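# Structural features, examined
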Amino acid sequence: MLSRLMSGSSRNLEREYSCTVRLLDDSEYTCTIQRDAKGQYLFDLLCHHLNLLEKDYFGIRFVDPDKQRHWLEFTKSVVKQLRSQPPFTMCFRVKFYPADPAALREEITRYLVFLQIKRDLYHGRLLCKTSDAALLAAYILQAEIGDYDPGKHPEGYSSKFQFFPKHSEKLEKKIAEIHKTELSGQTPATSELNFLRKAQTLETYGVDPHPCKDVSGNAAFLAFTPFGFVVLQGNKRVHFIKWNEVTKLKFEGKTFYLYVSQKEEKKIVLTYFAPTPEACKHLWKCGIENQAFYKLEKSSQVRTVSSSNLFFKGSRFRYSGRVAKEVMESSAKIKREPPEIHRAGMVPSRSCPSITHGPRLSSVPRTRRRAVHISIMEGLESLRDSAHSTPVRSTSHSDTFLPHVRSGRADSSERVAVIADEAYSPADSVLPTPVAEHSLELMLLSRQINGAPCSIEEEKESEATTPTAAEVEALGGELKALCPGHNRPEAEQSGHLKGPPKQQQQQQQQGGKSVPLD
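I will try to describe carefully the structure that is included in this document. Just so it is clear, the model here is predicted, and its values are computed rather than measured.

Read across the open sheet, the five strands follow the order 2-1-5-3-4; overall the sheet is mixed. If you trace the sheet from one side to the other, it starts and ends with strand 2 (28-34) and strand 4 (69-71), each paired once. Sheet twist, expressed as the average angle between the axes of neighbouring strands with direction ignored, equals 35 degrees. Strands in contact with helix 2 (residues 39-50) are strand 1 (16-22), strand 2, strand 3 (58-63) and strand 5 (88-94); relative to strand 2, the strand with the most contacts, it is inclined by about 145 degrees.

Once that is clear, we can look at the pattern of salt bridges. The full count for this structure, using the stated rule, is 21 salt bridges. Arg22 is the partner of Glu28 in a salt bridge, and the nearest nitrogen-oxygen pair spans 3.8 Å. Accessibility expressed as a relative area gives 3% for Glu28, which makes it buried. Look at the salt bridges and you will find they share partners, linking Arg61, Arg69 and Asp208 into a network.

Considering all chains together, one arrives at six cavities of 30 Å³ or more under this definition. Taken as a whole, the largest cavity holds about 240 Å³ of empty space. Taken together, 23 residues form the lining of the largest cavity, with Arg61, Trp71, Lys95, Tyr97 and Asp208 sitting closest to its centre. Elements with a minimum of two residues in the lining of the largest cavity: strand 5, helix 4 (107-123), strand 7 (219-225) and helix 8 (277-295). Take the lining of the largest cavity: its biggest share by element is four residues, from helix 8.

Glancing now at the packing of helix 4 against helix 7 (residues 188-199). At a minimum axis separation of 10 Å, helix 4 and helix 7 run at an interaxial angle of 55 degrees. Overall, the two elements helix 4 and helix 7 adopt an arrangement that is oblique. Relative to helix 7, the crossing made by helix 4 is left-handed. Between helix 4, through Glu107, Arg110, Tyr111, Val113, Phe114, Ile117, Lys118 and Leu121, and helix 7, the contact on the second element is made entirely by Ala189, Glu192, Leu193, Phe195, Leu196 and Ala199. Residues of the contact of helix 4 with helix 7, tallied by class, amount to 10 nonpolar, no polar and four charged.

Here we take up the environment of Glu278. Positionally, Glu278 belongs in helix 8. Considering only alpha carbons, one finds Glu278 and Asp66, 212 residues apart in sequence, at a separation of 9.2 Å.

Glancing now at helix 5 (residues 130-145). A rise of 1.5 Å per residue sets the reference length of helix 5, with its 16 residues, at 22 Å; its end C-alpha atoms lie 22 Å apart and thus fit the reference within 8%. Most of helix 5 sits inside the fold, with 14 of its 16 residues counted as buried. Just downstream of helix 5 lies Gly146, where phi reads positive at about 80 degrees.

Conventions and cut-offs
- Every chain is numbered on its own, with residues counted from 1 as its sequence reads.
- Local features in this predicted model are restricted to residues of pLDDT 70 or higher, and side-chain atom pairs are both shown and tallied only at a pLDDT of 80 or more, whereas totals for entire chains, interfaces and linings draw on every residue.
- Hydrogens and water molecules were not included; the side-chain quantities draw on all heavy atoms of the structure.
- The pairing criterion for strands is at least two bridges between them, as found by DSSP.
- Helix numbering and strand numbering both begin at the N terminus, where a helix is a DSSP run of H or I of at least 4 residues and a strand a DSSP run of E of at least 2.
- Helix axes are fitted only over the stretch in contact, all axes being lines through C-alpha atoms; the angle between N-to-C directions runs from 0 to 180 degrees.
- Contacts between residues were defined by any pair of non-hydrogen atoms, one from each residue, lying within 4.5 Å.
- Each reported salt bridge corresponds to a side-chain nitrogen of Lys or Arg within 4 Å of a carboxyl oxygen of Asp or Glu.
- We call a residue buried when its accessible area falls under 20% of the maximum for its residue type, exposed when it is over 50%, and partly exposed in between, using a 1.4 Å probe and counting protein chains only.
- Both site types are read off a 1 Å grid over the protein atoms alone. A 1.4 Å probe that fits but cannot get out defines a cavity, while an open set with protein on both sides within 12 Å along at least five of seven lines defines a pocket; lining residues have an atom within 4 Å of a point.
- Grid points are joined across faces, edges and corners, and a volume is the space filled by probe spheres set on the points.
- Any angle that falls under 35 degrees is termed roughly parallel, while one over 145 is termed roughly antiparallel, one within 65 to 115 roughly perpendicular, and all others oblique.
- Two helices crossing with the near one rotated counterclockwise from the far one by less than a right angle form a left-handed crossing, whereas a clockwise rotation gives a right-handed crossing.
- Polarity classes work like this: nonpolar for Ala, Val, Leu, Ile, Met, Phe, Trp, Tyr, Cys and Pro, charged for Asp, Glu, Lys and Arg, and polar for all others, with Gly in that last group.
- Helix span, expected: 1.5 Å multiplied by one less than the number of residues in the helix.

Shape is all these values report; function is a separate question.
Next up, the structure:
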């Protein structure tokens with residue numbers, strides 16, 4: 001009997017689990033791990049597969065059964081952290097954005113960071129004025145399709161690509177103009193480098209927004225960047241705290257505290273409220289890791305941190321990696337032949353509801369992969385002979401984001417959202433990851449039902465294209481069908497924060513059944 005129990009226990013310990021990790025080009029890497037395998041083992045497998053040496057900037061993200069995001073901790077068991085049934089699905093993403101991405105030692109590292117920032121641009125996390133948006137998109141075009149060729153690139157060719165959550169015809173023409181006249185002769189590596197140099201100058205570079213509320217109940221997004229802690233609220237950045245001014249990070253339940261010491265011994269405590277205690281703890285851990293990575297001179301200075309004023313109470317956490325200064329010093333010592341980079345073919349984004357894909361080319365050499373299959377929506381123009389990795393979209397702008405209930409309107413293709421030139425509204429534009437499927441359609445649809453234009457610039461055009469009462473009623477019915485709990489009383493919407501209808505809509509999208517990992 002004892003021998004039978006021991007043999008059963010031995011088999012359980014030796015059990016293998018299948019893991020699938022989605023890479024930055026939307027390809028997938030599949031491997032098997034033992035039950036007691038640590039996060040470091042899986043991460044090292046990935047980095048070996050990617051031929052990546054400057055790996056400290058990256059991490060593995062997953063969503064637990066309660067739909068809370070986490071970064072995989074390398075010192076703990078993978079199986080115990082995920083708490084879900086195998087096969088396990090995770091994402092390989094940039095965790096610590098380089099302060100100067102153009103200064104990265106190897107091209108393979110710059111390429112992976114380029115892919116991450118391109119995703120940030122597409123999902124609305126990297127915000128910018130129209131002129132900057134056009135330049136960034138033109139760099140992407142140059143990197144992926146090369147020099148402009150009238151024989152291959154007909155009029156309106158830039159409209160076939162989805163660079164941002166929102167497009168306008170004017171912006172597409174500007175993108176094409178820059179691509180045609182200013183970027184000729186640039187190699188993919190040069191275009192990617194220029195893209196990184198421009199992106200790092202933007203105010204929301206490196207922002208992975210955490211939705212919260214301030215003490216007055218107003219919606220806010222908290223984020224950690226290479227340069228410090230930021231708070232985005234309304235149409236501006238309301239706080240920017242440098243890392244050397246942050247003295248303590250703490251949380252209790254849903255409440256997050258940031259202690260700041262500024263000039264003349266001025267001390268400030270910023271208080272914010274997260275949607276759940278789990279979200280607040282995740283925010284706190286992200287803050288501890290970012291502060292250690294960017295602020296400390298060496299990893300030997302890292303200390304275990306308590307979430308409470310009393311060390312023996314609350315949660316305790318310790319950052320386990322190297323710090324930015326050590327990473328840069330280590331990168332300077334890299335001496336090897338630059339690894340070959342196999343840039344991605346036409347790879348669709350999982351968050352784009354209407355895209356096509358052609359032959360999938362690996363972004364980096366790999367032994368295992370599984371094709372990503374995404375349904376092709378009706379009316380889509382396919383570019384199967386193209387070799388780009390930016391999502392392709394329908395010629396009809398409205399069909400890209402909105403259900404076909406609007407297709408009968410003659411002016412529907414003209415009512416598109418654009419990026420504001422003068423100001424942005426993080427509360428409306430920043431989509432905290434993960435982005436749920438169809439979240440963009442639901443967001444834009446709900447805003448039109450409420451009479452709100454899709455962006456700041458669109459206000460100028462909204463009067464001419466305001467929906468009639470009948471159209472509003474039809475759109476409202478469509479939204480109810482897509483999101484049944486939309487009109488439930490606030491008290492019945494368990495797990496949702498109280499707040500303005502627009503904020504409730506975003507929170508409801510995050511609390512849906514499907515939580516992608518992006």
